[in-house]
Amino acid sequence: MPEVIGVRFKKVGKVYYFDPAGVTVKNGQPVIVETSRGTECGEVVMVNREIAEEQITSPLKKMLRIATDADLKIVEENEKFEKDAYKICEEKIRKHQLEMKLIAVEYTFDHNKLLFYFSADGRVDFRDLVKDLASVFRVRIELRQIGVRDEAKMVGGLGVCGCPLCCNTFLDSFQPVSINMAKDQGLSLNPTKISGTCGRLMCCLKYENEAYQDLIKHAPQVGSLVETPQGKGIVIENALIKETCKVKLNSSPDTPAVFPVSQCKVLKAPDRPAKNDNEEKDN
């Protein structure tokens, strides 16, 4: 099995595998690597390790060297340059009267390319802007339109829970989230309650989804006819975390009783409504 190291180029970005070229690295160590877009400086997040061939995207690029003080100085200078480029780009956007919001600027380590990330409600004709920026910076210019989730990941902020955004602190990729996850967890379907700062369904709805799916499998559905220690009745509510059911007993319909799921034997499942194939998802 080939030996690789894992390198990350952004604070909470995707981890890429590289050939360590026989060098042993340490976690958190800055390294210079060869990428598809040129030479880049990244941080080691996975030390030398052997992994299966199928986990690697060929061809495997090589680590050129452990970053020197001179390399780190270049990174520092690039960060200062990015701040200046951000201000200049904002001025150019206003000059060309474009309906776009500049989010971030990235200058490649080898000074080969300058990337501008922006968000917009629709398509933007930025050809004149690119020409204008190229005449100022004299490098290859690339503008990338990103979505609201990527914008939140880059900018950061606080979520409705009061904690820093998950996407800006530890989520290296976005997972599909659907409204059914909120339904299964018994949450209010009010968009303001289940939407994140980005305006999309909260990523954290995904965290406990598997646990709820497993609990749902073992709990009788609402509307089921069940046999309980106190007789037959209809399930009117489930407390999935507590693993209990509230049952409207035939013998005392005005005073529902609560039983553990294990004590409720399903005699008849409720009639299921037609399934909606257009399940709402928020990717």
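Structure: see above.
Keep in mind that this is a model prediction, so the values were computed, not measured.

Visitor: What should I look at first to understand the state of the cysteines in this one?
Guide: The bond known as a disulfide is covalent and runs between the sulfur atoms of two cysteines. Evaluation of the coordinates by the stated rule reveals 0 disulfides. Cysteine cysteine 204 shares no disulfide, and the gap to the nearest cysteine sulfur, in cysteine 166, comes to 6.0 Å. Its relative accessible area of 34% is what places cysteine 204 among the partly exposed residues. Counting only cysteine sulfurs, cysteine 264 is the nearest neighbor of cysteine 245, a cysteine outside any disulfide, at a range of 4.4 Å.

Visitor: I keep staring at the sheet that holds strand β12 (residues 244-249) and nothing clicks. Help me out?
Guide: The strands that make up a sheet are held in pairs by hydrogen bonds between backbone atoms, and each pair lies either parallel or antiparallel. If you walk across this open sheet you meet the 5 strands as β13-β12-β11-β10-β14, and the pairing is antiparallel. Every interior strand has two partners, whereas the edge strands, β13 (257-260) and β14 (265-268), have only one. Looking at each pair of strands side by side, their axes are set apart by 50 degrees on average, direction ignored. Across 6 bridges, the pairing between strand β11 (residues 231-239) and β12 is antiparallel. For isoleucine 234, the partnering residue across the bridge sits in β12 and is lysine 248.

Visitor: Please clarify how the pairing of strand β3 (residues 30-35) should be interpreted in this entry.
Guide: The side chains of a regular strand alternate, first on one face of the sheet and then on the other. Bridge count between β3 and strand β4 (residues 38-50): 6 bridges; the pairing is antiparallel. The residue of β4 that forms the bridge with valine 31 is glycine 42. Taken together, β3 and the strand that follows it, β4, pair antiparallel across an intervening segment of 2 residues. Across 3 bridges, the pairing between β3 and strand β5 (residues 63-66) is antiparallel. Residue pairing in the sheet places valine 33 in a bridge with methionine 63 of β5.

Rules used in this analysis
Residues numbered from 1 in each chain as written. Predicted model: local features only at pLDDT ≥ 70, side-chain atom pairs only at ≥ 80, totals over all residues. Heavy atoms only, no water. Disulfide = S-S within 2.5 Å. Buried < 20%, exposed > 50% of the residue type's maximum accessible area, 1.4 Å probe, protein only. Pairing = 2+ DSSP bridges. Helix = DSSP H or I, 4+ residues; strand = E, 2+ residues; numbered from the N terminus. Axes fitted to C-alpha atoms, helices over the stretch in contact; angles between N-to-C directions.

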